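Spelled out from the first residue to the last, the chains are:
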Amino acid sequence: MSDRVVVTGVGVVSPLGVGVEAFWKKVAAGENGIRAITEFDTDGLACKIAGFVPSIEQDPNGFDIDRYIEPKEQKRFDRFIHFAIAAANEALDQAGWSPQTEEEKTRSGTVIASGAGGFPTLTAGTRLIDEKGPRRASPFLVSSFLSNLASGQVSIRHGLKGPIGAPVTACAASLQAIGDAARYIRSGEADVMVAGGTEASIDRIAYAAFCAIRAMSSKRNDDPSHACRPFDKDRDGFVMGEGAGVLVLERESHALARGAKILAVLSGYGTTADAHHVTAAPQDGEGGLRAMKLAIQRAGLTPDDIGYVNAHSTSTPIGDTAEIAALATLFAGRGKSLGVSSSKSMFGHLLGGAGAVESIACICALQSGILPPSRNLETPDDVVSQFDLIPHKGVKRQVDHILTNGFGFGGVNASAVFSRVI
């Protein structure tokens, strides 16, 4: 057997709570993490709701920054970096990996993606400089908004001296980070990689920009829990979320030698480009279809081996249509034997953090034997209704292989296969 790439640790910060246990409990139950925006003025914005990470005051499993970052340092980093540090801490703790020797440090790397980096910090800095002049710019402004600083901070804090990277490929970014990290291991450049994605871009300017291209939901501002509707005929756009997901990937022989518990196998990965349009995929989903095929082929599997698909589906009419077409082509004839759902229905679209958080949902599904649901699925699109769409609540069903997708603006497609440890 070849030396596989395995997962030995996971960590999550999400609108459903902080920590994998709290996150998965709510995902499996199909709970809602989307609410009205009160953090900034939404006047004039078509979309007025979001998937915020709750604070510790709002939820016992909420985010408590004091657990991860010293008070004097907290304002030096944007929120997306805060989330990455927290998720990486949990993942490394679960993996039991804290490199001590120089060789262990140089054989451990970091790839944490972000679609927009410290966007709110950058916009706030712009306003401050415009109002009070350039001398008021913070010396920490640059190191707070650069997208690669999530990887940088995690690397520094844990002494990870191996390969480092930060894909900035919109909504496919964190799934590409996981794929890139696996390649470092397969190429022999690293034994352990901390990989995933983080995003915290719920900001008035970001919302204005996405609303301008009519990508966001606007029909259910008064009913946030029912706004995100992947695959449903009544969907009208995505709802933005925030958070982070981090995985510890490891060479299987390395994990076994140190007695680590293996959570799942990253058995296949594929990435492609549409070369079609900046914001719209071709409606036959051809680019995404090729990414899915590559991931399955590289896992040494066939489409019939896949038991569940955690779809990228964001609840936009154009994007969902393309992915539905690709799924219908790849899994023709599977019918109800294939489970398909979209986790975004519960907590929104985490942009560059989406693929990693949803990969963790897939790993939890493999371990628990529960397939996560889609919320708000009342009238599914005709083509996708051939599959088991798992409406409302998770279902008990053990599968061996799960496919997850991440597609982004610019025509970026990424797919990964996670497999149960047998």
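Residues numbered from 1 in each chain as written. Predicted model: local features only at pLDDT ≥ 70, side-chain atom pairs only at ≥ 80, totals over all residues. Heavy atoms only, no water.

1. Structural notes on the nonpolar core
What counts here: Working definition of a nonpolar core: buried Ala, Val, Leu, Ile, Met, Phe, Trp, Tyr and Cys residues. They are joined through side-chain atoms within 4.5 Å. Think of it in three bands: residues with accessible area under 20% of the maximum for their type are buried, residues over 50% are exposed, and the middle band is partly exposed, with areas taken using a 1.4 Å probe on protein chains only. The helix and strand labels rest on DSSP assignments: H or I over at least four residues marks a helix, E over at least two residues marks a strand, and numbering proceeds from the N terminus.
Phe23, Ile178, Leu247, Leu249 and Phe418 are the most contacted members of the largest nonpolar core, which totals 51 residues. The biggest single contributor to this core is helix H14 (residues 354–368), with 10 residues. Listed in part, the 31 residues of the second largest apolar core include Ile85, Ala86, Trp97 and Val246.

2. Some thoughts on the layout of surface pockets
Selection rule: We place a 1 Å grid over just the protein atoms. Points where a 1.4 Å probe fits but has no way out form a cavity, open points with protein on both sides within 12 Å along at least 5 of 7 lines form a pocket, and any residue with an atom within 4 Å of a point lines it. Grid points are joined across faces, edges and corners, and a volume is the space filled by probe spheres set on the points.
In this structure, the largest pocket occupies an estimated 790 Å³ of space. Forming the boundary of the largest pocket are 44 residues, of which Cys171, Thr279, Thr316, Gly408 and Phe409 lie nearest the centre. Residue assignment for the lining of the largest pocket shows that the elements contributing at least two residues are helix H9 (204–212), helix H11 (286–298), helix H12 (317–330), strand E14 (401–408) and strand E15 (412–419). The element that contributes the greatest number of residues to the lining of the largest pocket is H12, accounting for seven residues. In this model, the second largest pocket occupies a volume close to 390 Å³.

3. Details of the pairing of strand E8 (residues 243–251)
Test applied: Two strands form a pair only when DSSP identifies at least two bridges running between them.
Buried residues dominate E8, accounting for nine of its nine residues. Neither face of E8 is exposed, since Gly243, Gly245, Leu247, Leu249 and Arg251 on one face and Ala244, Val246, Val248 and Glu250 on the opposite face are all buried. Strand direction decides the pairing type here: strand E1 (residues 5–14) and E8, joined by eight bridges, are antiparallel. For Gly9, the partnering residue across the bridge sits in E8 and is Val248.

4. Things to note about the packing of aromatic side chains
Our working rule: Within 6.5 Å between ring centres, the rings of Phe, Tyr and Trp (the latter by its six-membered ring) count as paired, and their orientation is classed by plane angle as stacked under 30 degrees, edge-to-face over 60, tilted in between.
What the rule picks out here adds up to six aromatic pairs. The interplanar angle of 45 degrees and the centroid separation of 5.9 Å between the aromatic rings of Phe23 and Phe347 together place this pair among those described as tilted. Of the two residues, Phe23 is situated in helix H1 (residues 20–29) and Phe347 in helix H13 (residues 344–347); the sequence distance between them amounts to 324 residues. Accessibility assignment for this pair places Phe23 and Phe347 in one class, buried. Ring centres 6.4 Å apart and planes at 50 degrees place the aromatic pair Phe210 and Phe409 in the tilted group. One end of the pair, Phe210, is in helix H9; the other, Phe409, is in the loop between E14 and E15, with 199 residues separating them in the sequence.

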